[in-house]
Amino acid sequence: MNPFRLGQNSWTALSGLAKSPWMVAIWPWLFIAVFFLTPFLFVIKISLSEAAFAQPPYLDVVRSVSDGLVEIKLNFGSYLLLFDDSLYLSAIWNSVKTALISTALCILIGYPLAYSIASSPAHWRVPLIMFVMLPFWTSFLIRVYAWMGILKTNGLLNNVLMGLGIVDAPLEIMHTQAAVYIGIVYSYLPFFVLPLYATLVRLDHTLLEAAADLGAGPLTQFFTVTLPQSVPGLMAGAMLVFIPVMGEFVIPDLLGGPDTLMIGKVMWTEFFSNKDWPVASALALVLLTLLILPFVLLRYFERRSELEDPNEAV
Amino acid sequence: MKRFKGLRLACLVLGLGFLYLPILSVIVYSFNESRLVTVWSGWSTKWYGALLENQQLLSAAWLSVKIGALTATLAVVLGTLAAYSLVRFKYLRGQAQFELSTAAPLVMPEIIIGLASLLLFVSMEKLFGWPAGRGQTTIVIAHTVFAMAYVTVVVRSRLAHVDSSIEEAALDLGARPVTVFFTVTLPTIAPAIIAGWLLAFTLSVDDLVVASFTSGPGSTTLPMVVYSSVRLGVSPEINALATVMITLVSVFVLIAGLVLARSRDK
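Remember, predicted model here, so these are calculated numbers, not experimental data. (Residues numbered from 1 in each chain as written. Chains lettered and ligands numbered in written order. Predicted model: local features only at pLDDT ≥ 70, side-chain atom pairs only at ≥ 80, totals over all residues. Heavy atoms only, no water.)

Draft legend 1. How the structure looks around the interface of chain B and chain A. Taken together, the contact pairs 96 residues of chain B with 100 residues of chain A. Together chain B and chain A conceal approximately 9300 Å² of surface at their shared face, both sides included; 78% is due to carbon and sulfur atoms. If you look at where chain B meets chain A, you find one salt bridge. For B:Arg231, the salt bridge is made with A:Asp253, and the minimal N-O distance between the two is 3.6 Å. Viewed at the interface, chain A and chain B are joined by nine residue pairs in polar contact (both at pLDDT 80 or more). Across the side of chain B that touches chain A, the residue classes tally to 65 nonpolar, 20 polar and eleven charged. (Contact = heavy atoms within 4.5 Å. Buried area = accessible area lost by both parts, 1.4 Å probe. Salt bridge = Lys/Arg side-chain N within 4 Å of Asp/Glu carboxyl O. Polar contact = N/O pair within 3.5 Å; in protein donor to acceptor, adjacent residues only side chain to side chain. Nonpolar A, V, L, I, M, F, W, Y, C, P; charged D, E, K, R; others polar.)

Draft legend 2. A look at the domain arrangement of chain A. Residue and element names in this part refer to chain A. Domains assigned within chain A are domain 1 (25-75) and domain 2 (81-313). The gap between the C-alpha centroids of domain 1 and domain 2 is 35 Å. Each side of the interface is counted separately: domain 1 has eleven residues, and domain 2 has nine residues. Between domain 1 and domain 2, a total of about 740 Å² is buried, with carbon and sulfur atoms accounting for 84% of that surface. The largest contributions to the domain 1 side of the interface with domain 2 come from Val 43, Ser 47 and Pro 57, which together make up 49% of the buried area. In this structure, the connection of domain 1 to domain 2 is made through zero salt bridges. Taken together, the links from domain 1 to domain 2 amount to zero residue pairs in polar contact (both at pLDDT 80 or more). No other element matches helix H2 (residues 20-47), which puts five residues into the side of domain 1 that touches domain 2. Residues that form the side of domain 1 that touches domain 2 fall into these classes: eight nonpolar, two polar and one charged. (Domains from an automatic or database assignment. Helix = DSSP H or I, 4+ residues; strand = E, 2+ residues; numbered from the N terminus.)

Draft legend 3. Representation of the packing of aromatic side chains. All names here are of chain A. For the coordinates displayed, the defined rule picks out 29 aromatic pairs over all chains. Between Tyr 58 and Trp 277, the ring centres sit 6.0 Å apart and the planes meet at 35 degrees, which makes this aromatic pair tilted. Of the two residues, Tyr 58 is situated in strand E2 (residues 58-59) and Trp 277 in helix H14 (residues 277-305); the sequence distance between them amounts to 219 residues. Across the pair, Trp 277 and Tyr 58 agree in class, each one buried. Between the aromatic rings of Trp 147 and Tyr 186, the centroid separation amounts to 5.5 Å while the plane-to-plane angle is 75 degrees, which identifies the pairing as edge-to-face. You can see Trp 147 sitting in helix H6 (residues 140-151) and its partner Tyr 186 sitting in helix H8 (residues 177-200), a full 39 residues away along the chain. Note on accessibility: Trp 147 and Tyr 186 belong to one class, buried. (Phe/Tyr/Trp six-rings, centres within 6.5 Å; stacked < 30°, edge-to-face > 60°. Buried < 20%, exposed > 50% of the residue type's maximum accessible area, 1.4 Å probe, protein only.)

Draft legend 4. Focus on the side chain of B:Ser44. Residue and element names in this part refer to chain B. Inspection of the secondary structure assignment puts Ser 44 in the loop between helix H1 (5-29) and helix H2 (46-53). Taking the relative accessible area as the measure of exposure, Ser 44 reaches 14% and is therefore buried. Within polar-contact distance, the side chain of Ser 44 engages the backbone nitrogen of Lys 46 at 2.9 Å. Filtering out sequence-adjacent residues up to four positions away, Ser 44 remains in contact with Ser 30, Phe 31, Asn 32 and Glu 33.

Draft legend 5. Focus on the nonpolar core. Formed by 166 residues in total, the largest nonpolar core has its most connected members in A:Val250 and B:Ile111. For this core, the element with the highest residue contribution is helix H3 (residues 55-88) of chain B, accounting for 13 residues. When residues of this core are assigned to domains, at least three map to each of domain 1 (25-75) and domain 2 (81-313) of chain A. The contact partners of B:Ile111, leaving out residues within four places of it in the chain, are A:Gly247, A:Phe249, A:Gly264, A:Met267, A:Trp268, A:Leu287, B:Val209 and B:Phe213. (Core = buried A, V, L, I, M, F, W, Y, C linked by side-chain atoms within 4.5 Å.)

Draft legend 6. Spatial organisation of the confidence of the model for chain A. Of all residues in chain A, 90% attain a pLDDT of 70 or more, and the chain-wide mean is 83. Scored below 50 in pLDDT, residues 1-18 of chain A makes 23 contacts in the model with residues more than four places away or belonging to other chains. (pLDDT = per-residue confidence, 0-100.)

Draft legend 7. Local environment of the state of the cysteines. If you walk through the whole model with that rule in mind, you get zero disulfides over all chains. Cysteine A:Cys106 is unpaired, with the sulfur of B:Cys11 as its nearest cysteine sulfur at 15 Å. (Disulfide = S-S within 2.5 Å.)

Draft legend 8. Representation of helix H7 (residues 164-172) of chain B within the structure. All names here are of chain B. Where H7 is concerned, the buried positions are Ser 164, Glu 167, Ala 170 and Leu 171. Angularly, the buried residues of H7 cover 115 degrees about the axis, an arc narrow enough to put them on a single face. Gly 174 occupies a position one or two residues after H7 and carries a positive phi of about 100 degrees. (Arc of directions from axis to C-beta.)

Draft legend 9. A look at unusual backbone geometry. In this structure, B:Pro131 follows B:Trp130 across a cis peptide bond, with omega equal to -5 degrees. In the Ramachandran plot, A:Lys275 falls in the positive-phi region, its phi being about 50 degrees despite a non-glycine side chain. Judged by relative accessible area, A:Lys275 falls into the partly exposed class, the value being 48%.

Draft legend 10. Fine view of the pattern of salt bridges. Residue and element names in this part refer to chain B. Per the stated rule, a full pass over the model turns up four salt bridges over all chains. Between Glu 167 and Arg 88 there is a salt bridge, and its shortest N-O distance comes to 2.9 Å. Placement of Glu 167 in helix H7 and of Arg 88 in helix H3 is noted, with a sequence separation of 79 residues between them. For Glu 167, a relative accessible area of 6% corresponds to the buried category. Between Arg 134 and Glu 125 there is a salt bridge, with its nearest N and O atoms 3.9 Å apart. With relative accessibility at 30%, the residue Glu 125 sits in the partly exposed group.

Shown next, in the form of structure tokens:
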């Protein structure tokens, strides 16, 4: 691994290599620093500026007033507005609630699916997990769109239900919170199943046999052996659902109604319709703060589950 | 694991059914003759013909393909370098922070990446006059931020399984590090690089949110056209477009999967 532990005669080759690790590492580092990390400084700066009818639509925090004089004006108005107006608070609360419930639904549906795949015969596992991942790679927008055709008042689901005589009047699912849950669970299920499957497939089967030898029934075995051992994968999967759902825009916009407010949707409206960049930036920072905690947890559980082989998932 | 056999089979059928039925419904209804999407009135391929005449859609698709190819190429170069330095130069200072920064875009909500990138581009334009306005270049840069993270994961896991003693042997025999990389390392990780390119391309072509923030007038990508049309409701033309996209992506993903599977078997 370490080029500095090579044999004696390779030192001539290495004389030029001493600086080369940095020659390799510096390019991705620079790109990430400039285009991924620095932008957050500008988000902070613009969240503290004042909205204005200008191009771009805000007054810069740092302004040169006259020769050599620079004025720095911080405006906390956007943050005060966020905690003052119930619209923003209810959007934040609704995002947290939606993300929590969707994650719980993904666990309820995804766990049996991941468990079934992991306990299938070995030659079935790779094709099955590939089948689960394939929809993940097809257009996100199209997958949400598919549900619009199914859920709307005169859509596929209502036609089938009324055709079979199960319901008399069409169900009003479209443009409700229920439609948002369906859309989210559908779109994010593969994210949950994959890390959980990776953990389940590596479980130590001798423990199950030992439990069986000691007289534990299948259910006892599952709850005392399999479930506790799969917690790292379960948590990694849950975070991969929870974090992006908190910032979700497309699903509440297309499947939700006017009362399904979420941070992502409010941010989008503030930015594109109201041209209030400072408030949109402040919202982004609130969202980011809410996410840092679960992200730290994700890193912790990822290390524990040693989810190392994404090749299997492609 | 021989327990719950019937239950497990039921879970598989229900789970995969849930994942595939909505997609199937879009495909089936794309061949429906009626403009009323939910009323079946016979087989037809006329909506595919309508697609080919929609100039706005075709030019948006072409722009998306161009942005996707540029993004994937840039992401593969940067992602491979990142993966190489993460696996081979573990001793470098700051590697833990570097690792965290390369992985963070994987879970960062798109709306934050989009907004943050746009604010960067606007501020940079004010400070240095670059990038002048927004369009193809700014979308490619913003897409590379998250596409590169995926490439890094794929290439890194492949690289971790490559025996570094071959590289060391080449160095011992006097090959320069650059030569070693191009003649020994690159051919062994080529399948992961190809798969990474395809994944980055797919992610870029699919993205709506980041592109909406970083695009300018005259640079409308395919998802942006689809989104503005989908907001108005379900249409048979979009069903046809969706079917074309699903078919192309499935083919891409299957090729990427086969490339990786075959390289593992060797």
